[in-house]
Amino acid sequence: MKANNELTQFSIYKINTEKVEEIILLEEDNDANTIKNKIIVYLSNCIKKGKDNVLISDYDEFSLMLIKSKRNPIWKNIVEYMINNGKIAEDIDNKTIINQSTSYILFTVIDSKIYVMTGGRGANYINKFIEKNYGLYLIPKIVNKNNPIIKKVVENNITGNNLSTERITKNVTSVSMEDSLGSIYRELNIQVSKEIAKKLGVTGIEDNKQISILSGDSVVIRKSVLLNELKIILKTLSKLEDKEDNFILNYFVPIRKKGIKLSYLKEKMIQSIQNEELNKFQLVSDNISQYYCSSYKYQLIKQGECVFESFSPIEFKDIIDIVRDDKGKLYKTKIEEVLYEYELETLSENGEKVIVPEKIINLLRGCIEDERYCFYLLNGSWYVFEEHFF
């Protein structure tokens, strides 16, 4: 790798150590570099178990994982049958039907924080460890609510019939113009000036020119940079995280800000399911369009084994029906098993993972009420409306 003449665009993620602790055993005195190395060992073992090849290399302050994958496309059998039993009009040297792909994951530690850059399907491997909405959280730190910066919006709707909304504007708009009471931003594509780009550590932009930045779980700066420039950007982002927000991006706030315990809502949710109020919950991926439009095969996993599969989207009721007893009764332990032990994954027609295995509780959207609040579940987290907006 030639650091002085190799440029590329990077998708930048931040690792959430609390999520790492849920999967990997960490010691109290583990520093960021130790945690990074444990993640690499864990991922390497998982990748090899899946019969993919992985190369690990250290360069400067970076640790690189290069992953080579081979997958049988789901349509392989029918095509092989036609080749073996049909009349071949034009031949090719290699009739092997297999898809091959190459991905990378690049780790580095800045200010005792772990950052990850990915290419190809690299993001799928680290998905369980990342800080969700990391890129979105940075936007209120670099712009004001009325700055005209937004070119594209992807929202997950907590209320209403539409699960997700995506729109592209003819002219850039501001956050204040795009606000929607019943939605949470999933992704924003913004156009920023040279001055705002500098707040992210990005340089080399001409006067009166703008740069595109995609913000969601990651930050994607649409400008090719050198590794040394990437380090400057990461150091800038690290400092930016401590800056106060200029405005609040969403109208929903986590329940912890209201002093509400997660255990209380867990019990309320189980009661609701036992009362057959299944219409209150919708099973969707965080990436809704991928779940319904890009996935070909849907698989329900328990302890690494497929217990149910379908070629149409699996609904929450389908999973609940699996754990009913012979008389159709639902027990609390079985519901907990579904929510916290079962995982759902989807595959493309090429056999590649579209939605990586994720616990059912993290794929649900729903709403339950008590005498004080309406509680909204979105991908494993509970929210309430922030009253001071109204």
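Along each chain, the written sequence defines residue order, and numbers are assigned to residues from 1. Given that this is a predicted model, residues contribute local features only at a pLDDT of at least 70 and side-chain atom pairs are listed and counted only at 80 or more, while totals for whole chains, interfaces and linings are drawn from all residues. Note: side-chain values were computed over all heavy atoms of the structure, leaving out hydrogens and water.

Per the convention used, a helix needs a DSSP run of H or I reaching at least four residues, while a strand needs a run of E reaching at least two, with both numbered from the N terminus. Looking only at helices and strands, one finds twelve helices and 19 strands in the chain. A compact globule built from 390 residues should have a C-alpha radius of gyration of about 21 Å, and the chain, at 23 Å, falls within 12% of that. Projected onto its principal axes, the C-alpha positions of the chain cover 70 × 70 × 50 Å. Residue burial in the chain is summarised as follows: out of 390 residues, 47% are buried. In the chain, 65% of the contacts between residues at least 6 apart in sequence involve partners at least 24 apart. For the area figures, the Shrake-Rupley method with a 1.4 Å probe applies, and any residue is considered shielded solely by the protein chains shown. Total accessible area on the chain stands at roughly 21000 Å², and carbon and sulfur atoms take up 46% of it. For this count, His and the chain ends are skipped, Lys and Arg are scored as positive, and Asp and Glu as negative. For this purpose, a charge sits on NZ of Lys, CZ of Arg, CG of Asp or CD of Glu. Positive and negative charge centroids in the chain, built from 54 and 56 side chains respectively, lie 2 Å apart. Taken over C-alpha atoms, the radius of gyration is set against a globule rule of 2.2 Å times the number of residues to the power 0.38. Think of it in three bands: residues with accessible area under 20% of the maximum for their type are buried, residues over 50% are exposed, and the middle band is partly exposed, with areas taken using a 1.4 Å probe on protein chains only. Contacts were defined at the residue level, with two residues in contact if any of their heavy atoms lie within 4.5 Å.

Here the focus is the packing of aromatic side chains. Between 30 and 60 degrees the pair is tilted, below 30 it is stacked and above 60 it is edge-to-face, where a pair is any two Phe, Tyr or Trp rings, Trp via its six-membered ring, whose centres lie within 6.5 Å. Counted according to the given criterion, the structure contains eight aromatic pairs. Each ring, one from Tyr-296 and one from Phe-311, has its centre 5.7 Å from the other, and the planes form 75 degrees; the classification is edge-to-face. Taken as a pair, Tyr-296 in the loop between helix H10 (288–294) and strand S13 (297–302) and Phe-311 in the loop between strand S14 (305–310) and helix H11 (316–322) lie far apart in primary sequence, 15 residues in all. Members of the aromatic cluster, joined through ring pairs, are Tyr-264, Tyr-373 and Phe-375. Throughout this description, the term charge over a ring refers to an Arg CZ or Lys NZ atom that lies within 6 Å of the ring centre and within 35 degrees of the ring normal. Sitting over the face of the ring of Tyr-340, Lys-266 holds its NZ or CZ atom 4.9 Å from the ring centroid.

This part takes up the sheet that holds strand S11 (residues 252–254). Note on pairing: DSSP must find at least two bridges between two strands before they are called paired. Strand order in this open sheet of five strands is S11-S19-S18-S17-S12, and the pairing throughout is antiparallel. Strands with a single pairing partner mark the edges of an open sheet, and in this sheet they are S11 and strand S12 (281–283). Averaged over all neighbouring strand pairs, the angle between strand axes comes to 25 degrees, with direction disregarded. Angles run from 0 to 180 degrees between N-to-C directions of axes, and those axes are lines fitted to C-alpha atoms, restricted for helices to the stretch in contact.

Okay, the side chain of Arg-365 next. Looking at where Arg-365 falls in the secondary structure, it is placed in strand S17 (residues 364–369). A relative accessible area of 5% means that Arg-365 is categorised as buried. Aside from chain neighbours lying at most four places away, what touches Arg-365 is Asn-156, Asn-157, Leu-163, Lys-280, Phe-281, Gln-282, Val-284, Ile-288, Leu-377, Leu-378 and Asn-379.

Looking now at helix H5 (residues 134–142). Burial runs high along H5: eight of the nine residues are buried. Among the residues making up H5, those that are buried are Tyr-134, Gly-135, Leu-136, Leu-138, Ile-139, Pro-140, Lys-141 and Ile-142.

Note that patches include only residues with greater than 30% relative accessible area and no salt bridge, and the join distances are 9 Å for like charges and 5 Å for nonpolar side chains (Val, Leu, Ile, Met, Phe, Trp, Tyr). Only one rule defines a salt bridge in this text: a Lys or Arg side-chain nitrogen within 4 Å of an Asp or Glu carboxyl oxygen. Side chains of Trp-75, Ile-78, Tyr-81 and Met-82 sit close together on the surface and give an oily, nonpolar patch of about 460 Å² of accessible area. Since its relative accessible area comes to 54%, Tyr-81 is described here as exposed.

Glancing now at the pairing of strand S2 (residues 53–59). Sheet analysis places S2 next to strand S3 (residues 62–71), joined by seven bridges and oriented antiparallel. In the strand pairing of S3, Asp-58 is matched with Ser-63. Linking two consecutive strands that pair antiparallel, namely S2 and S3, is a turn of two residues; a positive phi of about 55 degrees is found at Asp-60 within it.

A separate point is the nonpolar core. Here, nonpolar core means buried Ala, Val, Leu, Ile, Met, Phe, Trp, Tyr and Cys residues that are tied together by side-chain atoms lying within 4.5 Å of each other. Counting residues in hydrophobic clusters, the biggest one holds 40 residues, and the most contacted among them are Ile-12, Leu-188 and Leu-230. A total of six residues in this core trace back to one element, the largest contributor, which is helix H8 (residues 227–240). Among all residues touching Ile-12, those that are not within four sequence positions of it are Tyr-115, Val-116, Met-117, Tyr-134, Asp-217, Ser-218, Val-219, Leu-230, Ile-233, Leu-234 and Leu-237. Counting 36 residues, the second-largest nonpolar core is a separate cluster that includes Phe-281, Leu-283, Tyr-342 and Ile-361.

What follows is about helix H9 (residues 262–274). Expected helix span is taken as 1.5 Å per residue step, with the number of steps being one fewer than the number of residues. Across its 13 residues, H9 extends 19 Å between first and last C-alpha, which sits within 8% of the 18 Å expected from 1.5 Å per residue. Residues of H9 that are buried include every one of Leu-265, Met-269, Ile-270, Ser-272 and Ile-273, and no others. Down the axis of H9, the sector holding all buried residues measures 160 degrees, keeping them to one side. On its buried face, H9 sits against S12, H11, helix H12 (332–340), S17, strand S18 (374–378) and strand S19 (381–385). Note on H9: the residue one or two positions beyond its end, Glu-276, has a positive phi of about 65 degrees. The arc under discussion is defined with respect to the helix axis, by the directions toward the C-beta atoms.

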